[in-house]
Amino acid sequence: MVRAVTEVTQKGSARDGGGQEAARDEEQVSRFVERFAADMTEAGMQRMGARVFAALLVSDPGRLTAAEIAERLRISPAAVSGAVRYLNQLNLITREREPGSRRDQYRLYNEVWYEAVAHRDQFLTRWQNTMREGAKILGSDTPAGARVAKTAEFYEFMQAELIHMLARWRAREESARAEERGADPAGAP
């Protein structure tokens with residue numbers, strides 16, 4: 001154990017925000033962060049927001065201060081500020097402060113992907129309503145009106161499927177937790 005911590009310290013500290021150090025190759029972790037951020041950027045996410053999100057995702061506690069984010073990504077505090085504001089608007093992270101501390105920490109939600117997808121339900125409803133209104137304005141007997149009405153139907157379908165998919169995920173997670181408790185001889189959570 002001492003050897004692993006020494007090796008990590010020699011390669012560069014792998015602080016996880018909780019003061020603990022993990023035995024990781026920080027160069028590989030950094031490459032992973034940049035690769036995942038590039039994937040998210042290609043999918044439409046803001047570049048700096050994607051980098052900050054990936055950095056939070058790979059931190060063991062799932063939370064970092066702005067200074068820790070800036071240090072890990074080698075970016076300015078202003079870049080961190082803009083990125084965390086963007087991620088907060090997407091409901092991917094939250095800002096919190098430890099009691100007695102003057103520093104904000106940015107934290108991923110416990111079930112970040114579940115929460116992110118669940119919040120898309122609001123957008124789908126709004127888009128569906130807008131498309132239905134657009135179909136009326138354009139006239140359902142016109143090609144454009146029919147296309148917009150079909151888009152509204154697609155959003156309605158997606159929303160229904162999303163609700164079922166999230167329910168199946170929740171059931172899967174509950175089943176996995178129940179199995180873990182069953183494997184524990186005491187049966188404790």
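Residues numbered from 1 in each chain as written. Predicted model: local features only at pLDDT ≥ 70, side-chain atom pairs only at ≥ 80, totals over all residues. Heavy atoms only, no water.

> What's the story with the overall build of the protein chain in this structure? I'm lost.
The helix and strand tally for the protein chain stands at 7 helices and 3 strands. Each helix and strand of the protein chain, ordered N terminal to C terminal, gives the series α-α-α-β-α-α-β-β-α-α. Burial statistics for the protein chain: of 189 residues in total, 27% are counted as buried. Residue pairs at least 24 apart in sequence account for 48% of intrachain contacts in the protein chain once pairs closer than 6 positions are excluded. When the accessible surface of the protein chain is split by element, carbon and sulfur atoms take 52% of a total near 12500 Å². (Helix = DSSP H or I, 4+ residues; strand = E, 2+ residues; numbered from the N terminus. Buried < 20%, exposed > 50% of the residue type's maximum accessible area, 1.4 Å probe, protein only. Contact = heavy atoms within 4.5 Å. Areas by Shrake-Rupley, 256 points an atom, 1.4 Å probe, with all protein chains shown as cover.)

> Just checking my understanding: could you explain the packing of aromatic side chains for this structure?
In this description, an aromatic ring pair is defined by two values, namely the gap between the centres and the angle between the planes. What the rule picks out here adds up to 4 aromatic pairs. Ring plane angle 35 degrees and centroid distance 6.1 Å describe the contact between Phe-123 and Trp-127, whose orientation is recorded as tilted. Separated by 4 residues within a single helix, Phe-123 and Trp-127 lie in helix H6 (residues 112–138), roughly one turn from each other. Take Trp-127: its relative accessible area is 39%, and that puts it in the partly exposed class. A centroid spacing of 5.5 Å and a plane angle of 50 degrees characterise the contact between Trp-127 and Tyr-155, whose relative ring orientation is tilted. Here Trp-127 is found in helix H6, whereas its partner Tyr-155 is found in helix H7 (residues 143–183), with 28 residues between them in sequence. These aromatic residues form a ring-pair network of at least three members: Phe-123, Trp-127, Phe-154 and Tyr-155. (Phe/Tyr/Trp six-rings, centres within 6.5 Å; stacked < 30°, edge-to-face > 60°.)

> Teacher, can you tell me more about a nonpolar patch on the surface here?
Nonpolar side chains collect at one region of the surface, where Phe-154, Phe-157 and Met-158 lie side by side and expose about 300 Å² of accessible area between them. Along the chain, Phe-154 turns up in helix H7. (Patch = residues over 30% accessible without salt bridge, like charges linked within 9 Å, V, L, I, M, F, W, Y side chains within 5 Å. Salt bridge = Lys/Arg side-chain N within 4 Å of Asp/Glu carboxyl O.)

> Before we go on, may I ask you to explain the sheet that holds strand S3 (residues 104–108) in this structure?
In a beta sheet, neighbouring strands are held together by backbone hydrogen bonds and run either parallel or antiparallel to one another. In spatial order, the strands read S1-S3-S2; together these 3 strands make up an open sheet with antiparallel pairing. Either end of the sheet is taken by a strand with one partner, and the two such strands are strand S1 (63–65) and strand S2 (93–97). Direction aside, the axes of adjacent strands within the sheet are offset by 30 degrees on average. Where S1 lies against S3, 3 bridges are found, and the strand directions are antiparallel. Bridging across to S3, Thr-65 finds its partner in Gln-105. Of the strands in this sheet, S1 and S3 are in contact with helix H4 (residues 66–73), which crosses S1 at around 95 degrees. (Pairing = 2+ DSSP bridges. Axes fitted to C-alpha atoms, helices over the stretch in contact; angles between N-to-C directions.)

> Any chance you could explain the packing of helix H3 (residues 47–58) against H4 here in plain terms?
When two helices pack together, their arrangement is given by the angle between the helix axes and by the axis-to-axis distance. Two numbers describe how H3 lies on H4: the axes approach to 10 Å, and their chain directions differ by 105 degrees. Relative to H4, H3 is oriented roughly perpendicular. Residues Arg-51, Val-52, Ala-55 and Leu-56 of H3 pack against Ile-69, Arg-72 and Leu-73 of H4. By residue class, the composition of the contact of H3 with H4 is 5 nonpolar, no polar and 2 charged. (Parallel < 35°, antiparallel > 145°, perpendicular 65-115°, else oblique. Nonpolar A, V, L, I, M, F, W, Y, C, P; charged D, E, K, R; others polar.)

> It is not clear to me how the packing of H3 against helix H5 (residues 77–89) should be interpreted in this structure. Could you clarify?
One way to put it is that H3 packs onto H5 with a least axis distance of 8 Å and a crossing angle of 85 degrees. Judged by the inter-axis angle, H3 sits roughly perpendicular to H5. Across from Met-48, Gly-49, Val-52 and Phe-53 in H3, the residues of H5 making contact are Ala-79, Ala-83, Val-84, Tyr-86 and Leu-87. Along the lines of polarity and charge, the residues of the contact of H3 with H5 split into 8 nonpolar, 1 polar and no charged.

Everything listed here is a matter of coordinates, which is why it stays silent on function.
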